[in-house]
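In case you want the letters, here they are:
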Amino acid sequence: MSRALSVRRDVFAVNRVSSKTPREEFPFALTQELLDQLESGAAQNIEQALEQCRGTRSRCLPQHVAWSAAATERYLDARRQDQESRNGANIPLSFHAPDAWIAFRAVEEPDVRGITHYERTVWGRQYISADATLRELVIPAKGNAKEYLPLPELAAVASVLYYGIPARIPPFEHQYPAHRHPAPPPRPERVRVYSAGLTEGRIRLLRATETDAPADWSGAEIRDLHEQHVVPRLGRVLDSRERIAGAHCVGCKVLPECSAVPRAPALLAVPPPTRPRKRRTVSVSDLRAHHDCPARYHLTRVLKLPNPVPENEAVRRGRAVDSWLNARHASADAPPCHEVPLPAHLPGLTDDELAPALGMLRTHRARCPLDNPVATQFRPQHRVTAHDPQADVMVIASCDLVYEERGGIVVRETKTSAFPPGGRTVLLERHPQLALSVLLLASGVLGGDPRRSRVELEILRPDGAALEEFDPGDEATVGHARTVLASYTVPWSAETRYDAAPRPGYDCNGCEALSWCATGKERVAAEG
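Novice: Tell me about the pairing of strand β10 (residues 202-205), residues and numbers included.
Specialist: Here strand β9 (residues 190-197) pairs with β10 via 4 bridges, running antiparallel. Along β10, the bridge assignment pairs S195 with R204. If you look at the hairpin formed by β9 and β10, you'll find 4 residues sitting between the two strands, and G201 has a positive phi there, around 70°.

If you want it as structure tokens, here you go:
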């Protein structure tokens with residue numbers, strides 16, 4: 001329903017939510033502007049382009065600017081190589097198309113949806129051959145170039161390129177149609193759709209997942225694909241009224257009135273926003289990243305720039321153990337783990353790394369929840385979504401395992417460690433997701449009888465295991481959980497610049513954003 005409403009420019013939320021953000025949150029914003037300057041000839045080099053993009057550049061962190069500049073140069077190199085490879089390949093050279101291609105459809109009387117004008121657009125870099133017979137779209141990817149997309153998605157993109165008319169797109173909040181080109185050119189004879197990897201510096205012609213066919217189609221093929229794959233799906237998107245709670249709810253026009261999203265007032269223990277600001281989502285992983293370094297949070301959790309740092313053994317071991325347990329606990333009729341032989345290998349681990357992981361799985365057997373005769377409804381990797389209306393934040397929690405027991409709800413978190421767990425107070429502070437789970441149960445978001453509910457922490461070590469419990473009905477436990485969570489949420493909520501230095505003790509050496517961060521590089525060099 002959120003997606004259906006998002007495309008309706010004539011439908012607004014009862015209470016309009018601000019779209020303002022203190023920093024640029026679209027990762028490609030500066031890259032797109034730099035490419036516009038360079039591919040149009042308005043700038044001759046990256047320095048000139050950066051100077052002409054001062055408005056967007058000022059909203060970006062220096063690390064974001066560094067990533068964007070490097071990504072732009074890699075993209076241009078990849079485009080140059082692609083164009084050079086076309087000599088003798090029966091593919092004409094293509095050039096930057098300055099206006100967007102928009103596929104318009106108008107009806108004289110309002111249709112069954114009450115709509116008279118439809119506009120379909122695509123996002124990416126648009127190119128056209130000198131004789132206008134070829135149109136191309138290059139879709140940037142932050143990491144490596146993609147190889148496949150679903151056929152309906154590729155067909156939808158290709159149909160916009162084929163039916164599209166050059167036009168200027170107004171800001172989305174405006175209701176008037178886009179400004180069409182006064183003399184629409186003829187439709188192209190051929191359309192091609194590419195992916196560009198901004199990390200690897202490669203452009204690749206996309207292929208359809210279902211057929212392995214390249215996205216290189218004639219006009220007749222596109223018309224057929226449009227009718228078969230695009231038209232029926234567009235109708236379902238426009239008409240859907242199904243409500244599914246999730247992170248996408250953050251931008252929904254009817255969130256305050258939606259019955260599918262649980263409410264948890266004051267869950268985050270932060271005051272209401274003091275100035276207009278875009279509604280946000282937050283998870284414990286977000287909060288931990290911001291606690292370590294505001295810039296790291298913005299770069300890796302908001303912009304989601306690619307991570308070039310290889311994972312260490314502890315992280316890979318934890319993921320391998322979690323994956324095996326999740327697969328074991330997912331089946332409704334699965335036997336307890338002690339009745340299943342341990343795996344001969346685990347993905348991502350070497351032979352030398354396997355033994356400690358198997359030791360952890362072995363110690364889990366004595367505490368496997370499937371051994372509990374009154375436990376039911378096992379949901380591994382259960383995603384929980386709740387709206388805190390006071391903070392106007394969507395809270396996302398991914399619980400390792402949720403199950404029911406005698407009318408209560410049990411949330412179990414599993415951690416792998418080479419060290420003893422420490423006291424219960426320390427555990428809540430060390431693992432703030434436990435604090436969030438306690439508060440979610442106490443607020444009734446997960447349902448169940450709170451008197452029979454609990455949070456479990458299972459700590460697996462190669463030579464032993466521990467199982468700690470936290471009672472969401474105990475006032476002292478709930479109070480401590482609020483204090484722990486507030487120590488993360490209050491600074492995160494008040495943040496506006498994301499340019500503070502990493503907190504003392506944080507190791508920049510393993511940071512995912514280190515390759516773009518001058519501050520981090522200086523700290524690593526100073527520490528030897």
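From this point, the narrative continues.
Novice: Please set out the pattern of salt bridges residue by residue, giving values where relevant.
Specialist: Inspection of the entire model under this criterion finds 33 salt bridges. A salt bridge links D286 to R301, with the nearest nitrogen and oxygen atoms 2.7 Å apart. Taken together, the positions of D286 in helix α8 (residues 284-292) and R301 in helix α9 (residues 294-302) put the pair 15 residues apart, joining distant regions of the chain. Exposure remark for D286: the relative accessible area of 9% places this residue in the buried category. Since its relative accessible area comes to 32%, R301 is described here as partly exposed. In this structure, R316 and E353 form a salt bridge, with 2.8 Å as the shortest nitrogen-oxygen distance. Of this pair, R316 sits in helix α10 (residues 313-330) while E353 sits in helix α11 (residues 351-364), placing them 37 residues apart in sequence. For R316, a relative accessible area of 23% puts it in the partly exposed group. Residue classification places E353 among the buried positions, given a relative accessible area of 10%.

Novice: Describe the environment of V191, and please don't skip the residues or the numbers.
Specialist: Position of V191 relative to the elements: it lies in strand β9. The spacing of V191 and E221 is 30 residues in sequence and 9.9 Å in space, taken between C-alpha atoms.

Novice: For the pairing of strand β5 (residues 134-141), give the residues involved together with the corresponding values.
Specialist: The element β5 is extensively covered by neighbouring structure, given that 8 of its 8 residues are classed as buried. Across 4 bridges, the pairing between strand β4 (residues 125-129) and β5 is antiparallel. Counted as the bridge partner of R125 is V138 from β5. With antiparallel pairing between neighbouring strands as the criterion, β4 and β5 make up a hairpin whose turn holds 4 residues, including A132 at a positive phi of roughly 65°. Bridge count for β5 against β9 is 8 bridges, and the pairing is parallel. In the strand pairing of β9, I139 is matched with S195.

Novice: Outline empty space enclosed by the protein, listing residues and values.
Specialist: To find the voids left in a structure, one rolls a probe of water-molecule size over its atoms. Tallied over the entire structure, the rule returns 3 cavities of 30 Å³ or more. Of the volumes computed, that of the largest cavity is approximately 80 Å³. Lining the largest cavity are D322, L325, N326, H329, D400, L401, R412, T414 and E458. Taken together, the elements giving at least two residues each to the lining of the largest cavity come down to α10, β15 (393-405) and β16 (408-416). Taken together, the residues of the lining of the largest cavity sort by class into 2 nonpolar, 3 polar and 4 charged. Considering only enclosed or pocket space, the second largest cavity measures out at about 70 Å³ in volume.

Novice: For the layout of surface pockets, give the residues involved together with the corresponding values.
Specialist: Roughly 560 Å³ of internal volume is contained in the second largest pocket. The wall of the second largest pocket is formed by 24 residues, among which P273, T274, R275, R277 and S493 lie closest to the centre. Broken down by element, the residue count for the lining of the second largest pocket peaks at 3 residues, all from helix α14 (residues 475-494). By residue class, the composition of the lining of the second largest pocket is 11 nonpolar, 5 polar and 8 charged.

Novice: I'd like a description of unusual backbone geometry, backed by residues and values.
Specialist: Phi angles above zero are rare outside glycine, and R406 is one such case at about 55°. Tracing the sequence through the fold places R406 in the loop between β15 and β16. For R406, a relative accessible area of 56% puts it in the exposed group. Residues other than glycine seldom take positive phi values, yet Y498 does so here, at roughly 60°.

Parameters at a glance
Residues numbered from 1 in each chain as written. Predicted model: local features only at pLDDT ≥ 70, side-chain atom pairs only at ≥ 80, totals over all residues. Heavy atoms only, no water. Pairing = 2+ DSSP bridges. Helix = DSSP H or I, 4+ residues; strand = E, 2+ residues; numbered from the N terminus. Salt bridge = Lys/Arg side-chain N within 4 Å of Asp/Glu carboxyl O. Buried < 20%, exposed > 50% of the residue type's maximum accessible area, 1.4 Å probe, protein only. 1 Å grid on protein atoms, 1.4 Å probe; cavity = no way out; pocket = protein on both sides within 12 Å on 5 of 7 lines; lining within 4 Å. Points joined across faces, edges and corners; volume = space filled by probe spheres on them. Nonpolar A, V, L, I, M, F, W, Y, C, P; charged D, E, K, R; others polar.

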